[in-house]
Amino acid sequence: IKQSRTTDLVLLLPNYMTFPFDYYSKGRIARDGIHPSSSLSQLESSLNDHGRIWLVSHQVDIADPEKKIEGWLVQNANRVEEKSFYRILVNLYQK
């Protein structure tokens, strides 16, 4: 992600997508996998620690059909940018 900062965090949804992401990012940006059953306090802590979160998710919402994670981010941060790729959504949220 070209616009990323060293303090940013990439949240990958579903969390098993960390493996292909690691292959391409080669450790240049902090990342974490997340699952909708995760505590929302994890999101709050991540937002407080990093200030900016890139949420990378599948357009069909396979892993989070109720959009719990995106909903929390929309309520607690500002959406700065949104990009759509083939079946992938990338949203940047900032505190």
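Bear in mind that the values here come from a model prediction, so they are computed numbers and not experimental data. (Residues numbered from 1 in each chain as written. Predicted model: local features only at pLDDT ≥ 70, side-chain atom pairs only at ≥ 80, totals over all residues. Heavy atoms only, no water.)

**Notes on the side chain of D64**
(1) Moving on: In this fold, D64 is placed in the loop between β3 (52-58) and α3 (68-76).
(2) Moving on: This buried residue, D64, is left without a salt bridge; K68 holds the nearest opposite charge, at 6.2 Å.
(3) Moving on: Here I69 takes part through its backbone nitrogen, which lies 3.0 Å from a polar atom of the side chain of D64.
(4) Moving on: Sequence-distant contacts of D64, defined by excluding residues within four places in its chain, comprise L13, P36, I69 and E70. (Helix = DSSP H or I, 4+ residues; strand = E, 2+ residues; numbered from the N terminus. Buried < 20%, exposed > 50% of the residue type's maximum accessible area, 1.4 Å probe, protein only. Lys, Arg positive; Asp, Glu negative; His and termini not counted. Salt bridge = Lys/Arg side-chain N within 4 Å of Asp/Glu carboxyl O. Polar contact = N/O pair within 3.5 Å; in protein donor to acceptor, adjacent residues only side chain to side chain. Contact = heavy atoms within 4.5 Å.)

**Quick notes on the nonpolar core**
(1) Moving on: L11, I34, L43, L55, I69 and L73 are the most contacted members of the largest nonpolar core, which has 13 residues in total.
(2) Moving on: Taken together, the elements giving at least two residues each to this core come down to β1 (9-13), α2 (40-50), β3 and α3.
(3) Moving on: Setting aside residues no more than four positions away along its own chain, L11 makes contact with D32, I34, L43, I53, W54, L55 and V56.
(4) Moving on: Formed by seven residues, the second largest nonpolar core is a distinct cluster that contains L12, I29, W54 and V56. (Core = buried A, V, L, I, M, F, W, Y, C linked by side-chain atoms within 4.5 Å.)

**A few points about the pairing of strand β5 (residues 88-94)**
(1) Moving on: β5 sits mainly inside the fold: five of its seven residues count as buried.
(2) Moving on: Bridging between strand β4 (residues 78-85) and β5 involves seven bridges; their strand directions are antiparallel. Following the sheet pairing, K83 is matched in β5 by V90.
(3) Moving on: Hairpin connection, β4 to β5: the antiparallel pair is bridged by two residues, and R87 has positive phi, about 65°. (Pairing = 2+ DSSP bridges.)

**Observations regarding the side chain of S57**
(1) Moving on: Along the chain, the position of S57 falls in strand β3.
(2) Moving on: According to the relative accessible area criterion, S57 is buried, its value standing at 6%.
(3) Moving on: Once residues within four sequence positions are removed from consideration, S57 is found in contact with L13, R87, I88 and L89.

**Some details on the pattern of salt bridges**
(1) Moving on: As enumerated under the stated definition, the model contains five salt bridges in all.
(2) Moving on: For E70, the salt bridge identified is with R79, shortest N-O distance 3.3 Å.
(3) Moving on: On the basis of relative accessibility, which here comes to 18%, the residue E70 falls in the buried class.
(4) Moving on: For R79, a relative accessible area of 37% translates into the label partly exposed.
(5) Moving on: A single salt-bridge network, built from bridges that share partners, covers E70, R79 and E82.

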